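# Report on the structure
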Amino acid sequence: MERTPQGGLGRFILKVGWLLACALVLARVLAYRNDDARLVEFYMMLVLSWPASLAAVWGYAAMLDWIPCDGVAGILLMWFFFFIVGYLQWFRVVPFVVRRVRRWREGTAPVSVVPRD
């Protein structure tokens, strides 16, 4: 199978698997809606968005000072916050870094625009 410029079948499978795992976490917590379910949601989303989720925890805690949410709104807010952080990390930042490292190893990295002294 040929590799496509977008990342190919392997990347597609990983993306769909990650999206399904996040959707299952949300479905589970919405089905139970108790404190234990919210704690499980927190830990599962922490794992799915690891290691960027460590910074997300501080951001989420700071955001709760401004926007206190309970019930379904709180569940959705926490899920959406960790979902966005994880998505950006795994499907934007990591592929960008991998491409840069590959170009650097191949010697085709762009020339730096910072002047040398």
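Residues numbered from 1 in each chain as written. Predicted model: local features only at pLDDT ≥ 70, side-chain atom pairs only at ≥ 80, totals over all residues. Heavy atoms only, no water.

Turning our attention to helix H1 (residues 8-32). Helix length check: H1, at 25 residues, gives a terminal C-alpha distance of 37 Å against a target of 36 Å (1.5 Å per residue), a fit within 8%. Of the positions making up H1, those classed as buried are Trp18, Cys22, Val25, Leu26 and Val29. Each element contacted by the buried residues of H1 is listed here: helix H2 (35-48) and helix H4 (71-106). Just downstream of H1, Arg33 is the residue with a positive phi angle, here 50°. (Helix = DSSP H or I, 4+ residues; strand = E, 2+ residues; numbered from the N terminus. Expected span 1.5 Å × (residues − 1). Buried < 20%, exposed > 50% of the residue type's maximum accessible area, 1.4 Å probe, protein only. Contact = heavy atoms within 4.5 Å.)

On the surface, Leu9, Phe12, Ile13, Val16 and Leu20 cluster together to form a nonpolar patch covering roughly 480 Å² of accessible area. Secondary-structure assignment places Val16 in helix H1. (Patch = residues over 30% accessible without salt bridge, like charges linked within 9 Å, V, L, I, M, F, W, Y side chains within 5 Å. Areas by Shrake-Rupley, 256 points an atom, 1.4 Å probe, with all protein chains shown as cover. Salt bridge = Lys/Arg side-chain N within 4 Å of Asp/Glu carboxyl O.)

Attention now goes to the packing of H1 against H4. Where H1 contacts H4, the axes come no closer than 10 Å and their chain directions differ by 170°. It follows from the interaxial angle that H1 and H4 lie roughly antiparallel. Between H1 and H4, the contacting residues are Arg11, Leu14, Lys15, Trp18, Leu19, Cys22, Ala23, Leu26, Val29 and Leu30 on the first element and Val72, Ile75, Leu76, Trp79, Phe83, Gly86, Tyr87, Trp90, Phe91 and Pro95 on the second. In terms of residue class, the contact of H1 with H4 is built from 17 nonpolar, one polar and two charged. (Axes fitted to C-alpha atoms, helices over the stretch in contact; angles between N-to-C directions. Parallel < 35°, antiparallel > 145°, perpendicular 65-115°, else oblique. Nonpolar A, V, L, I, M, F, W, Y, C, P; charged D, E, K, R; others polar.)

Before going further, it helps to examine the confidence of the model for the chain. The predicted model of the chain averages 82 in pLDDT, with 85% of residues at 70 or higher. Ranking the elements of the chain by mean pLDDT puts helix H3 (residues 52-66) last, at 80, and H1 first, at 91. (pLDDT = per-residue confidence, 0-100.)

All right, on to the side chain of Ser53 then. In this fold, Ser53 is placed in helix H3. Among all residues touching Ser53, those that are not within four sequence positions of it are Met45, Leu46, Phe82 and Val85.

Our focus in this paragraph is unusual backbone geometry. Going from Trp50 to Pro51, the amide bond is cis rather than trans, its omega being -5°. Mapping Pro51 onto the fold places it in the loop between H2 and H3. A positive phi angle, close to 50°, is found at Arg33, a residue other than glycine. On the secondary structure map, Arg33 appears in the loop between H1 and H2.

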